[in-house]
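Structural overview
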Amino acid sequence: MSSKGMDLRNLDTKNPGSWPLPIKMTACILLILVLVGATWYLKVADQRVELAGLQAKEQTLRAEFEDKQGRAANLEPLKQQLAQMELMLQQMLRQLPSKNEMPDLIVDVSQTALATGISNELFQPGPETAKEFYAEKPINLRMVGTYHQFGAFVSGVASLPRVVIMTMHNISLTPRAGKPGLLVLQGTIRTYRYLDEDEVANQNNGGKTPATAGGSK
């Protein structure tokens, strides 16, 4: 053992060719093991990085899949709910006056004001504006009456056979000069009616009638 130890200490590192054969073989084996180990480590390290990336991508794809799967599961109930809401909207719109009923309804509103003792100094309907499912009609007015008469007027309008929706715009209520207890209500109110099927189709065609919707040839 000591002679071998001496041999190892006396090896010429600058001239490996002069080494004894057993030492040469041992050195070659160690070198091969080092090269194989380094190659394996580098390869495995790259694969570990790639594996970590694939695992992260898998988690992302899994989360996206679960999210889309949840949305797909809720899609049909949402469609049914939307259909029910559209049906309810149509039913509510049908409670509004129709195109043919609108002129008489405006007269009824005016007559209701007169029946409660209110003086209509101005009651002027304006041109209506068509929306997607309904039309709104402005009415410029100036009414004179007491607080209780205006309350009776609102109650009377609510009792009309058709649903009457009135929204107020730029409305003011002020005391009548020189007339204690009298109030002046003036401004613009808007009332609404539903559009019939032909009018809705006309709206969807951009305001053109079905016969001219395609344009001239």
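Located above this text is the structure these notes cover.
Conventions we followed
- Residues numbered from 1 in each chain as written.
- Predicted model: local features only at pLDDT ≥ 70, side-chain atom pairs only at ≥ 80, totals over all residues.
- Heavy atoms only, no water.
- 1 Å grid on protein atoms, 1.4 Å probe; cavity = no way out; pocket = protein on both sides within 12 Å on 5 of 7 lines; lining within 4 Å.
- Points joined across faces, edges and corners; volume = space filled by probe spheres on them.
- Helix = DSSP H or I, 4+ residues; strand = E, 2+ residues; numbered from the N terminus.
- Nonpolar A, V, L, I, M, F, W, Y, C, P; charged D, E, K, R; others polar.
- Core = buried A, V, L, I, M, F, W, Y, C linked by side-chain atoms within 4.5 Å.
- Buried < 20%, exposed > 50% of the residue type's maximum accessible area, 1.4 Å probe, protein only.
- Contact = heavy atoms within 4.5 Å.
- Salt bridge = Lys/Arg side-chain N within 4 Å of Asp/Glu carboxyl O.
- Expected span 1.5 Å × (residues − 1).
- Arc of directions from axis to C-beta.

Moving on, we come to the layout of surface pockets. For the largest pocket, the calculated volume is near 190 Å³. Those elements giving two or more residues to the lining of the largest pocket turn out to be helix H4 (147-158), strand E4 (166-175) and strand E5 (183-194). By residue number, the principal contributor to the lining of the largest pocket is H4, which donates 5 residues. Across the lining of the largest pocket, the residue classes tally to 11 nonpolar, 1 polar and no charged.

Now for the nonpolar core. Formed by 18 residues in total, the largest nonpolar core has its most connected members in Phe123, Met143 and Phe153. For this core, the secondary structure elements donating two or more residues are helix H3 (102-115), strand E3 (134-145), H4 and E5. When residues in this core are grouped by element, the largest group, 5 residues, is from H3. When residues no more than four places from it in sequence are discounted, the contact partners of Met143 are Ala113, Ile118, Ser119, Asn120, Phe123, Phe150, Phe153, Leu183, Val184 and Leu185.

The next subject is the pattern of salt bridges. Within the structure shown, the criterion is met by 5 salt bridges. In this structure, Glu58 and Arg62 form a salt bridge, with 3.2 Å as the shortest nitrogen-oxygen distance. Of this pair, Glu58 and Arg62 both sit in helix H2 (residues 21-94), 4 residues apart, which is roughly one turn of the helix. In this structure Glu58 comes out as partly exposed when scored by relative accessible area, which is 40%. Between Arg176 and Glu121 there is a salt bridge, with its nearest N and O atoms 2.9 Å apart. Residue Arg176 is found in the loop between E4 and E5, and its partner Glu121 is found in strand E1 (residues 119-125); the two are separated by 55 residues along the sequence. The exposure class assigned to Glu121 is partly exposed, which follows from its relative accessible area of 37%. If you follow the salt bridges from partner to partner, you end up with Glu121, Arg142 and Arg176 in one network.

This part takes up H4. Residues spaced three or four apart along an α-helix face the same direction, because each turn holds 3.6 residues. In a regular helix each residue adds 1.5 Å, so 12 residues correspond to 16 Å; H4 covers 17 Å between its end C-alpha atoms and thus fits that length. Taken together, the buried positions of H4 are Phe150, Phe153 and Val157. The buried residues of H4 all sit within an arc of 55 degrees when viewed along its axis, so they share a single face. Opposite its buried face, H4 presents the exposed residues Tyr147, His148 and Ala158, each directed more than 90 degrees away. Those residues of H4 that are buried are in contact with H3, E3, E4 and E5.

Take the side chain of Ser110 next. Structurally, Ser110 can be placed in helix H3. Take Ser110: its relative accessible area is 14%, and that puts it in the buried class. Setting aside chain neighbours within four positions, we find Ser110 in contact with Asn120 and Phe123.

This part takes up empty space enclosed by the protein. According to the stated counting rule, one finds 1 cavity of 30 Å³ or more in the structure shown. Empty space within the largest cavity amounts to approximately 30 Å³. Lining the largest cavity, in full, are Leu105, Ile106, Val109, Ile139, Met166 and Thr191. Here the lining of the largest cavity takes 3 residues from H3, the largest share from any one element.

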